[in-house]
Amino acid sequence: MSVKKEASGRRSVQVEFEVPGTPEEVWHAIATGPGISSWFVPCEFEEQGGKPVAMKLKFGPGMEPSSALTAWDPPRTFTAQGESWGGAPPLTTEWSVEARAGGVCIVRIVYSLFASTDEWDNQLEGAKFVFAGFLRTLRVYLTHFRGQRSTLTQFVAPFAGTEAEAWEAMTAALAPAGVPALRGVVEYITQNPYDALLRLDTPGPGVAALGTFGFPGGGPTMVAMNFYMYGDQAAATVAREAPLWQVWFQERFPMPAELGERE
């Protein structure tokens, strides 16, 4: 385990990675609603007196955790604290941006919680593990689409099976004859975890992130497809293509009635 344990009961894991851009450009991508929505999931910030005080992430129906912003120092660092998955203690996420030579920055993320036993260490490892795929999307966004207008289309549904079975079902359904036009460059693909990242030319400039995942501490396996479209035509492209993908996704991964009613 890479969990750091302190005498105070604080347990933490750290992620560090390099991205192109100035601190201000990177900050916009990781600390604003439009920026986060360009590579992660839909995000909204709540402000009081002109200063952000809370943020909400929208992973899908019934999965919209909110976090209080307990520190805010642009463009260097901010800290968010909110509920964890599976009944774990509150999770604190600290983001920091450090400029390096050559037009790049180091982004550092520290996940931490307080606990007296090892019971929730897998929660920290899981947060680090699941988030890695989104960070690859962030790097592609900052490398190829930095500062462009973006529109996100998100599809997510539970799957009655393992992550491996969900991945097999998704990739088998992606046969060229069965999907709307989708062409581009494979930036990343792995089966541990089950993720694929495509930089798109068709139906327009963007990124398609495909994956399956489970939540630390329990819960159903989820199938997810995020399409991040960029540029002045992004909204028009999504308006044209999203209904086609919606039909495709619902036919293969129908949403259970009790979850669908929450939308």
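The present account deals with the structure reproduced in this document. Because the structure is predicted, anything quoted here is derived from the model rather than measured.

1. Brief notes about the side chain of Asp-121
Point 1. Within the secondary structure, Asp-121 is located in helix α3 (residues 121-144).
Point 2. Residue Asp-121 is classed as buried on the basis of its relative accessible area, which comes to 4%.
Point 3. Within polar-contact distance, the side chain of Asp-121 engages the side chain of Arg-11 at 3.0 Å.

2. Some points on the pattern of salt bridges
Point 1. With the rule as written, the count across this model stands at 17 salt bridges.
Point 2. A salt bridge links Asp-118 to Arg-11, with the shortest nitrogen-to-oxygen separation between them at 2.8 Å. With Asp-118 in the loop between β8 (104-114) and α3 and Arg-11 in strand β2 (residues 10-20), the pair connects residues that are 107 residues apart, well separated along the chain.
Point 3. Since its relative accessible area comes to 47%, Asp-118 is described here as partly exposed.
Point 4. The partner of Glu-98 in a salt bridge is Arg-100, with the nearest N and O atoms 3.2 Å apart.

3. Here we look at the sheet that holds strand β9 (residues 150-159)
Point 1. Strands sit in the order β9-β13-β12-β11-β10 across an open sheet of five strands; the sheet is antiparallel. For this open sheet the edge positions go to β9 and β10 (183-191), each flanked by a neighbour on one side alone. Taking each pair of neighbouring strands and ignoring which way they run, the sheet shows an average axis angle of 10°.
Point 2. Looking at chain direction, β9 and strand β13 (residues 221-230) are connected through ten bridges and run antiparallel. Within β13, the residue paired with Thr-151 across the bridge is Met-229.
Point 3. Contacts from helix α4 (residues 163-173) reach β9, β10, β11 (194-202), β12 (206-213) and β13, with the element oriented near 140° to β12.
Point 4. Along the sheet, helix α5 (residues 234-252) makes contact with β9 and β13, crossing β9 at roughly 10°.

Calculation rules
- Residues numbered from 1 in each chain as written.
- Predicted model: local features only at pLDDT ≥ 70, side-chain atom pairs only at ≥ 80, totals over all residues.
- Heavy atoms only, no water.
- Helix = DSSP H or I, 4+ residues; strand = E, 2+ residues; numbered from the N terminus.
- Buried < 20%, exposed > 50% of the residue type's maximum accessible area, 1.4 Å probe, protein only.
- Polar contact = N/O pair within 3.5 Å; in protein donor to acceptor, adjacent residues only side chain to side chain.
- Salt bridge = Lys/Arg side-chain N within 4 Å of Asp/Glu carboxyl O.
- Pairing = 2+ DSSP bridges.
- Axes fitted to C-alpha atoms, helices over the stretch in contact; angles between N-to-C directions.
- Contact = heavy atoms within 4.5 Å.

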